[in-house]
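Tertiary structure, described
In case you want the letters, here they are:
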Amino acid sequence: MATRRQLLGSFLAAAGASLGHRLARAAEPLPTTSTTLAPGAAVAPPPVVTPDGASLPFEWKDGVKEFHLTAEPVWREFAPGMRVKCWGYNGTTPGPTIEAVEGDRVRILVTNKLPERTSIHWHGVLLPPGMDGVSGLTQPAIMPGETWAYEFTLRQHGTQMYHPHADEMLQMAVGMMGLFVIHPREAATPPVDRDFAIMLHAWAIHPGTYRPDPAVMLDFNMFTFNSKVFPATAPLVVKTGQRVRIRFGNLSMDEHPMHLHGFKFRVTGTDGGPVPASAQLPETTTLVPVGATRDIEFVADVPGDWVLHCHKSHHTMNAMAHDIENTLGADQRGVEERIQALLPGYMGMGQRGMSEMQDMAQHMKGPKNTLPMMAGKGPFGNIEMGGMFTIVKVRDEVSADYADPGWYEHPEGTRAWKVRA
Ligand SMILES: [Cu+2]
């Protein structure tokens, strides 16, 4: 005789099957592990590219997309010369991007390999309250060694996020976060050709140390795209004429005005979903608030190397001392050398630009595991940038794997020129 549990189970399975049938007629399970989204989507969207990261693989199990996240300590190289002891998921911070399709039923298994409790909250995802992942409120915390399952049907599309809701001040400060992209069931109009996902973050990693300081509230010194700083941030490679989407997520404690050179874009989505066409302002900078996502779209119709960066200038610098005297405007002739006798490496500001510091850093011994403020080399010299900075490389010809094409070669007569020395 069937037990009550078995009956309930088969009732739920039947209910799930009919619901699934209505929502996802095309959603036939795939036989093998795959990240292919096509079975759930009317038209396969281009896969999301997480620069310096990856999407989370899943397995079809009885019509459910099953994912597995492991919360654990991870090492992350922010840029050569600086490795950081973070916490993240599946060996990386941010955690892998979860990709699914509106109407999918997803099951996400979460294993805790941290030394303390955690939980996972699906930020912006519409779901039953018992799946919301707020420890103490909707579930007990996930204790070290435990695995918990979250299962729900996706009834929206857009760019969402995931992060702990347990000891969250600490756990987010050390890198526990990721993006959760839900593709629309019907193809977006117009469809995009390239779809990038970037998690923004701010860290306090004191010079000479390896661990982010979770006690810092305001004075952060490292600012990252997917936990990388320029010049180690991957370029976004695009073919001329392609329609490009860039999804930004922000779980740091500061807002970030993201600015793109060379194009005007429209904000086409937020964590609340698609923005109606009538409300999409043309912009070149959009603020990504704390705890929010923004999708921007543009047509990359002009080849070149185009900068994408946070417009808070301290956010495009790497580790720096903030408690320095302001000598701007003072005549520092003869003074610098005398201060250097006391403070090796001291440089006056506003006299020679700061890229000299970049050159100096190459032969100056700074604190261990600490990057110079800016370190990027371009085809014409130092780029004087770090932090939240990367380059959108638009080319008429790109390789099949969108490999970095190198620096843009400007056609004759299209580049600024020196009039007199
Ligand atoms: Cu910023």
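Residues numbered from 1 in each chain as written. Predicted model: local features only at pLDDT ≥ 70, side-chain atom pairs only at ≥ 80, totals over all residues. Heavy atoms only, no water.

1. As for the overall build of the chain
Helix and strand counts for the chain stand at 4 helices and 23 strands. Every one of the 421 residues in the chain was classed for burial, and the buried ones make up 46%. Considering only residue pairs separated by 6 or more positions, the chain has 73% of its internal contacts joining residues 24 or more positions apart. Only carbon and sulfur atoms are counted for the fraction: they give 58% of the accessible area of the chain, which is about 20600 Å². (Helix = DSSP H or I, 4+ residues; strand = E, 2+ residues; numbered from the N terminus. Buried < 20%, exposed > 50% of the residue type's maximum accessible area, 1.4 Å probe, protein only. Contact = heavy atoms within 4.5 Å. Areas by Shrake-Rupley, 256 points an atom, 1.4 Å probe, with all protein chains shown as cover.)

2. Examining the sheet that holds strand E9 (residues 178-183)
With respect to topology, 4 strands assemble into an open sheet ordered E4-E9-E8-E6, the strand pairing being mixed. Each edge of the open sheet carries a strand with a single partner, namely strand E4 (98-101) and strand E6 (121-123). Within the sheet, the average angular offset between the axes of one strand and its neighbour, ignoring direction, is 25°. (Pairing = 2+ DSSP bridges. Axes fitted to C-alpha atoms, helices over the stretch in contact; angles between N-to-C directions.)

3. Some thoughts on the confidence of the model for the chain
For the chain, per-residue confidence averages 86 on the pLDDT scale, and residues scoring 70 or more make up 80% of the total. In this model residues 1-36 is a low-confidence stretch, pLDDT under 50, and it forms 26 contacts with partners more than four residues away in sequence or in other chains. This model gives residues 38-42 a pLDDT under 50, and the stretch forms 13 contacts once residues within four places in sequence are excluded. (pLDDT = per-residue confidence, 0-100.)

4. Topic: the pattern of salt bridges
Overall, the coordinates contain 15 salt bridges when judged by the stated rule. For the salt bridge of Arg107 with Glu151, the shortest nitrogen-to-oxygen distance reads 2.7 Å. Highlighted residues: Arg107 in strand E5 (residues 105-112) and Glu151 in strand E7 (residues 147-153), separated in sequence by 44 residues. Overall, the relative accessible area of 21% leaves Glu151 in the partly exposed class. Ionic contacts of the salt-bridge type, sharing partners, join the residues Asp195, Arg243, Arg245, Arg247, Asp295 and Glu297 into one network. (Salt bridge = Lys/Arg side-chain N within 4 Å of Asp/Glu carboxyl O.)

5. Quick look at the side chain of His163
Along the chain, His163 turns up in strand E8 (residues 158-163). At a separation of 3.2 Å, a polar atom in the side chain of His163 contacts the side chain of His123. Those residues within four positions of His163 in sequence are excluded, and the remaining contacts are Tyr89, Ser119, Ile120, His121, His123, Met172, Met176, Met177 and Leu251. (Polar contact = N/O pair within 3.5 Å; in protein donor to acceptor, adjacent residues only side chain to side chain.)

6. Quick look at a nonpolar patch on the surface
Among the surface-exposed residues, Met217, Leu218 and Met253 lie close enough to one another that they form a single nonpolar patch of about 410 Å² accessible area. Note that Met253 resides in the loop between strand E13 (243-250) and strand E14 (256-260). (Patch = residues over 30% accessible without salt bridge, like charges linked within 9 Å, V, L, I, M, F, W, Y side chains within 5 Å.)

7. Observations regarding the coordination of the copper ion
Each protein donor to the copper ion is listed here as His256 (ND1), Cys310 (SG) and His315 (ND1); together their distances run 2.0 to 2.1 Å. Each donor residue of the copper ion belongs to the same chain, and together they define the spacing H-x53-C-x4-H. Accessibility expressed as a relative area gives 1% for Cys310, which makes it buried. Assessed through its relative accessible area of 4%, His315 is described here as buried. (Donors = N, O, S within 2.8 Å, 3.2 Å for Na, K, Ca; no water.)

8. Digging into the nonpolar core
In terms of nonpolar packing, the biggest core is built from 28 residues, with Ile198, Leu200, Ile246, Phe248, Phe298 and Leu308 touching the most fellow members. Top contributing element to this core by residue count: strand E10 (residues 194-203), with 4 residues. Discounting residues that sit within four places of it in the chain, Phe248 has contacts with Ile198, Leu200, Met258, Val288, Ala292, Thr293, Arg294, Ile296 and Leu308. Membership of the second largest hydrophobic core comes to 27 residues, among which are Trp60, Trp87, Ala100 and Val106. (Core = buried A, V, L, I, M, F, W, Y, C linked by side-chain atoms within 4.5 Å.)

9. A look at the pairing of strand E18 (residues 285-288)
The alternating pattern of E18 places Thr286 and Val288 on a buried face and Thr285 and Leu287 on a face that is not buried. Taken together, the 4 bridges between E14 and E18 define a ladder with antiparallel strand orientation. Among the inter-strand pairings, Pro257 is bridged to a residue of E18, identified as Leu287.

10. Quick word on the packing of aromatic side chains
All chains considered together, the criterion is met by 12 aromatic pairs. Here the aromatic rings of Trp75 and Tyr210 are separated by 6.1 Å at their centres, their planes lie at 85°, and the arrangement is edge-to-face. A residue pair is termed long-range when its members are at least 10 positions apart, and Trp75 in strand E2 (residues 64-79) and Tyr210 in the loop between E10 and strand E11 (222-225) qualify at 135 residues. Given a relative accessible area of 39%, Trp75 falls into the partly exposed group. Measuring from ring centre to ring centre gives 5.7 Å for Phe263 and Trp306, while their planes differ by 70°; the resulting arrangement is edge-to-face. One end of the pair, Phe263, is in the loop between E14 and strand E15 (265-270); the other, Trp306, is in strand E20 (residues 304-310), and 43 residues separate them in sequence. Here Phe263 falls in the buried class, since its relative accessible area comes to 7%. For Trp306, a relative accessible area of 23% translates into the label partly exposed. Through pairs of rings, three or more aromatic residues link up here, namely Tyr89, Trp122, Tyr150, Phe152, Tyr162 and Phe180. (Phe/Tyr/Trp six-rings, centres within 6.5 Å; stacked < 30°, edge-to-face > 60°.)

11. Examining unusual backbone geometry
Each neighbour pair has its own omega, and for Thr93 with Pro94 the value is -10°, a cis peptide bond. Residue position: Pro94 is located in the loop between strand E3 (82-89) and E4. Geometrically, the link from Phe230 to Pro231 is a cis peptide bond, its omega value of 10° lying close to zero. Relative to the helices and strands, Pro231 is located in the loop between E11 and strand E12 (236-239). In this structure, Ser227 takes a positive phi of about 60° despite not being glycine. When you line up the elements, Ser227 lands in the loop between E11 and E12. According to the relative accessible area criterion, Ser227 is buried, its value standing at 3%.

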